[in-house]
Structures are given as structure tokens and as C-alpha cells.
Amino acid sequence: MMGSALIAKDAGYRLLPFRFLRLDDGNSNNVLLTAETGEYLFVPEMLLNTLVRRELDTHSAIYKDLLARHFIYEPGRHNPIPEMAAQYRSRKSFLLEGPALHIFVVTLRCNHTCQYCQVSRAPQSDAGHDMSAEHASHAVERVFESSSQVLTVEFQGGEPLLAFDRIQQIIEAVEARNEVEKRNIQYVVTTTLHHLSDAILDFAERYNIQFSTSLDGPAFLHNANRPTPTKDAYERTVDGINRVRARLGHDAVSALTTLTSRSLEYPEAIIDEYVAQGFSSISLRPLSPYGFAKTSARRLEYSMGDFIGFYKKAMAYLISINARGTFLSEGYCALLLTNILTPFSSGYVDLRSPLGAGIGTLVYNYDGDVYPSDESRMLLEMGEDGLKLGSVKQPMKDLLNSPVIDLLLTCGVAEALPGCSDCALVPYCGADPIEHFARQGDPIGHRAFSSFCEKNMGLLTHLFTMLRDGDEKTLRVLMSWLSRRSLGDLPSAGYRG
Amino acid sequence: MEWNLTITVNEQAYSLRVVQRVAYAMAATLSIHVKPNGQNIDLEIAPTLIVGGNDSRPSRDQAHELVLRSLNDFAMREQIQSETSGLRELLVNVALRGAES
């Protein structure tokens, strides 16, 4: 005991807070160390013990690495806190602003009858599911009560283009107010693109509106996933993509993929479809436990293990086609890479801690109620209204002082949650109390049974393994996704973690 | 085949906090009943059978190894936590000064 105390006292370095994770994959560098700043290092198991016992050779290369990456410091020689604080502040910079993402649910009406629908919908002709002009005006007031200089105004549904007059009203009101406010505002419409018209495209061109659509793969998959009376959902969406591009430019439309259990059999076909349609990004998302997806779960859902297996196959295929010269990044992977390899946060609300719901996002529902995230208003459609923040007529200060925000913050700091607080992946992950409430009936949830945890653990460890073991080709592809530049435009020196 | 296993640890080597964290972390695979017993703590271990648990069930020997490794890992985490106590809070305070306004 005395001996080890003396060694500790005499050692020239002290530990900084860090976490570790074993990857049982047979590699000699099988322990992942992660610092509070998000810096990381793979080390052999023996080195972890030596490090913690403070017996490292201070002249070794690994010592210098650990010092540079903020796992250790030398008292009296260097105070690491100011530079670590600057890095930490950058990673948490989203906390310094008010809500930046404002989602307007202008209608619940939709022409699709998707069984897995994550957002819930009403029949196309159903009255009483559209946002009123009065509620829309109040919501615009709320948007500008946020202190964020950069704002995204997103329109969702149902199918928001079925309530295009309301979208027009909102954007014109935002533009008028912004003459004085001078914020940086981006508009996004999440739509099937089935109801595009020249008038809509004229308006979109005037206000630089981006379109986000869903493309689930080739026609046989997309049409099976998204039934319409005319059985031509794929053809109409692809036609919409082409019309938007012809009028607004190639990058004015992006697409997301919803994966049913059938989709999991076709990773290559789904990716080939995105290549054929000229997209530069694909987002491979598992089904969410909300809306109609929950009630159809028995038929449509699959285990997270199945999804992770699919994702790994898809990633291998994506790497191979990118290496051959086609630029197509996987959206979630690019976000995770930003969290791992840059000093900044990706900004993605699901990968934030403290949580993104409410703090970074507000949802104005068609009926004038306000929610902290799209997922919480989806729970409403499942009969759960406990996550409502209030009415769109209340000032944002009141909405953000709601007991719901208190509850979400209590359960929404990953670094303080059971399981997460010890997890080496927590600097790159987020907290999602709403998903845990939906799946486990408890906003904290049990990490050992959490799909959110299983997904992010699975994808992050796969990505870390690729960063550690990947050949030059793989690393260059990942760097091209991170920098959003094609392989040919990357500098020749690749990254080595 | 079902099995049961009891591992007894000394509280001087593995605190109750460490043992509880092991039980939490391994819940998908192993069901662990933590029983303080004087200066010792008994871990009564069985494979997790409930829906939502992990599909792969370790053997008794594998479980023994997994639990010991997890105990040592969490003991090391506790040591790191103890030696860096206060630094994490200091870092967050310095980094996010002004964020509350």
C-alpha cells in the first residue's frame, strides 16, 4: 500500500477524467479510451493498468499522446483546463443558443396509408386536422423569441403540401419579421413531393426552400412501404425529385430512407437506387417506436441487432462504391464522424446531451399545442399527451419553464444517466428520454434493454473499429464523408487515428 | 441448461457501488442479486431469461469470467473517478460559464 502511494506521489503526471471500453475483437489495441473533450485513443489492455497506476514511461510516445489528448496532465508544468474548456464549450455550443429548429405541423392529412407511419396522419379529405391561421401567427412569434441567430423552419405533416396556403402564410410572416431581425433562416418542407405544382415551385424558388423527401429504395420496396390508391408512390416521388432539381437545382432536395423488415434484405438495391437518382447522401434509419409504427410493430418491426447487421452490410457496400468514385455518404455515419473527429457537435438533436428536445427544438402542432420534439407529438397520437409544453399562444419563456422541460432535463443529460455515465461512447452520443418513455415507459430507461443504446453502441463501435483497422481506402472514404468532398478532392495524406 | 453461481467479494476490494454497477451493466445477460454479507458482498448470479434480455446465454464459467472482469473494470473506473474527483465539474463550470443566461 505504502509503495504504491509513493509511486503515485512521485509520478510526474496525474489522471484527467476519462472513460474506457473494451472491444472484444482480438486486436491487441482493444481498449478504447475517450477523454471529456472527445479525443480518443486505442491502447492495449496492459497499458490501461499502467496508466491508471501512474507508472507510464514519461519518455514514451504513448505518454506524449495521452498528454496531448487530455488523458493526463503534469501538475505545475501545464494547466490543461483552459484548453479543455474551450474544446468542451465548442462541443456543447448548442447550449448557448435557444431552440434553433422550429417544426410546424401544418396538417395531419396525407394521401398515403403507410402502416409504419411514424408521424400519424388523417385521411386526405378529413377536415379539422389543419393548423389555423391564428395558431400559425402565434407560432411565428415564438420562433423569433429564440435567441438563436441561425433558425430552421421545417414543415411537416401528414403531407404538408396539402396545406400549402398555411406554409405560404408562415414563410411570408417570417420573412416580414426577419427584415428587422436579420436572422439566418433556412426553410425545409418534409414531403412526398406528390402534390408539387408550378405555384409551389415558384414560391420555393423565391424563398430558397429545401425539400426533404422519403425514398425507401427501388419501386418494389417503396411502393410496398407506401401504399397509395394509385399504387404509384415511387413514380410520383421520383417525378417530384426531378421537378425540384430542374427548377431549384440538384441539391434542393434530399431523401431519407425508412426501413421495414423487408428492406433489410436489400441493402445493395436501396443504395443502388440512391446512386441511380443522383443523391450524394443516404440516411439509413430504423423504424421509430411511434405513431402507427408502434401499432404495426408485430408485423413490421425487427430487432436492433437485425438493423445493425443490415447497417454493417450497407456500410461495406457504400465504402466499396465510394472507393470506385461514386460519392454517396451515409448521413448518420457522417454525423457520428463529426462528433468523433472534430471539436464540434454535429448539431443533430438525437445526438445531444443535454437532450435536443425542447432545448434545441420546438414543435407547433396543427391544433396549437406545442411539444418539445416531433416524437413527443407522435406519442400524443398514441394517446399520450403528458409531454405537451403548452399552447402556441404562450411565450417561449413559459413553454421552456414547463414541468415537462424540467422532467426531460432531469432525464436528458447522458453524462449523468445510469450506464451512460460510465460509457466511453458518451462524448459522441446523446440522451433521448422521449424514446425511452415510448419504449420502456420510463424516461430514464434501463440501458441494458435500450434500443437507442444498442443502436448507438453498435454503430459507434463499428465506426471506431473502422477508424482503427480500416485500410487507406476506407479511411479516405470516411474522411470524404466528414468533409463532404468527393474522394478525388481530398488531399492525399489520409487520416490516422 | 440453467445454472446458478455465487461469487463472494470483499468490500475492501470491491465497494457496494462497484458491485451494483456491475449488476446494472450486465442485466441483459446476467441476473445478479446483490447481498451484503458482513465485510463481504455475495453476488447470486443466473442467466437473464426475461423478454428483452440478450439472446446469447453464457455458460457458468463464462459468466464467472465476465463478472470478475466487469468487477475489475468498474473498480478501475471508481479509482479513476476518485483520482479525478472535482475535475469534471471544474471543466464543465469553466466551459459553460454564461450558458445559463
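Residues numbered from 1 in each chain as written. Chains lettered and ligands numbered in written order. Predicted model: local features only at pLDDT ≥ 70, side-chain atom pairs only at ≥ 80, totals over all residues.

(A) Spotlight on the overall build of chain A. The helix and strand inventory of chain A stands at 20 helices and 18 strands. Compactness check: chain A gives a C-alpha radius of gyration of 24 Å against a globular reference of 23 Å for 497 residues, within 12% of the reference. Contacts in chain A between residues at least 24 apart in sequence constitute 69% of all its contacts with a sequence separation of at least 6. (Helix = DSSP H or I, 4+ residues; strand = E, 2+ residues; numbered from the N terminus. Rg over C-alpha atoms; globule rule 2.2 N^0.38 Å. Contact = placed C-beta atoms within 7 Å.)

(B) Spotlight on the nonpolar core. The biggest cluster of nonpolar side chains holds 117 residues, and the ones touching the most others in it are A:Leu33, A:Phe104, A:Leu336 and A:Tyr364. Per element, the largest residue contribution to this core is 7 residues, and it comes from helix 13 (residues 304-323) of chain A. Both domain 1 (2-91) and domain 2 (93-254 + 289-305 + 345-400) of chain A contribute no fewer than three residues apiece to this core. The contacts of A:Phe104, once residues within four sequence positions are left out, are A:Met131, A:Ala139, A:Val153, A:Phe155, A:Ile170 and A:Tyr364. Ranked by size, the runner-up nonpolar core spans 18 residues in total, among them B:Ala25, B:Ile41, B:Ile45 and B:Phe74. (Core = buried A, V, L, I, M, F, W, Y, C linked by C-beta atoms within 7 Å. Buried ≥ 20, exposed ≤ 12 C-beta atoms within 10 Å, placed from the backbone. Domains from an automatic or database assignment.)

(C) Representation of the interface of chain A and chain B in the model. In this assembly, 20 residues from chain A lie in contact with 21 residues from chain B. In terms of residues, the side of chain A that touches chain B owes the most to one element, helix 4 (residues 81-91) of chain A, which gives 5 residues. Of the residues contributing to the side of chain A that touches chain B, the split by class is 14 nonpolar, 2 polar and 4 charged. (Nonpolar A, V, L, I, M, F, W, Y, C, P; charged D, E, K, R; others polar.)

(D) Inspection of the sheet that holds strand 4 (residues 40-43) of chain A at higher detail. Residue and element names in this part refer to chain A. Pairing is antiparallel across the open sheet formed by 3 strands, whose spatial order is 2-3-4. Here the strands that pair on one side only, and so sit at the sheet edges, are strand 2 (18-22) and strand 4. Taken over all neighbouring pairs, the strand axes of this sheet differ in orientation by 20° on average, direction set aside. For strand 2 and strand 3 (residues 31-35), the ladder comprises 5 bridges, and the chain directions are antiparallel. Pairing of Leu 21 across the sheet is with Leu 32, part of strand 3. (Pairing = 2+ DSSP bridges. Axes fitted to C-alpha atoms, helices over the stretch in contact; angles between N-to-C directions.)

(E) Region of interest: the confidence of the model for chain A. Averaged over all residues, the pLDDT of chain A is 90; the fraction at 70 or higher stands at 90%. When the criterion is pLDDT under 50, residues 1-10 of chain A qualifies, and its contacts beyond four places in sequence or with other chains add up to 3 contacts. (pLDDT = per-residue confidence, 0-100.)

(F) Fine view of unusual backbone geometry. Residues and elements named next belong to chain A. Residue Gly 158 is reached from Gly 157 by a cis peptide bond, and omega for that bond is 20°. With respect to the helices, strands and loops of the structure, Gly 158 is situated in the loop between strand 9 (150-156) and helix 6 (164-181). Geometrically, the link from Ser 353 to Pro 354 is a cis peptide bond, its omega value of -5° lying close to zero. In this model, Lys 182 sits at a positive phi of 60°, which is unusual for a non-glycine residue. Assignment of secondary structure puts Lys 182 in the loop between helix 6 and strand 10 (184-190). Judged by local crowding, Lys 182 falls into the exposed class, with 8 C-beta atoms found within 10 Å. A positive phi angle is found at Lys 231, which is not glycine, with a value near 55°. Within the secondary structure layout, Lys 231 lies in the loop between helix 8 (219-225) and helix 9 (233-248). The exposure class of Lys 231 is exposed, given the 11 C-beta atoms found within 10 Å.

(G) Molecular detail of the confidence of the model for chain B. Scored by pLDDT, chain B has a mean of 91; 90% of the residues are at 70 or more. Scoring the predicted complex yields pTM 0.91 and, for the interface, ipTM 0.93.

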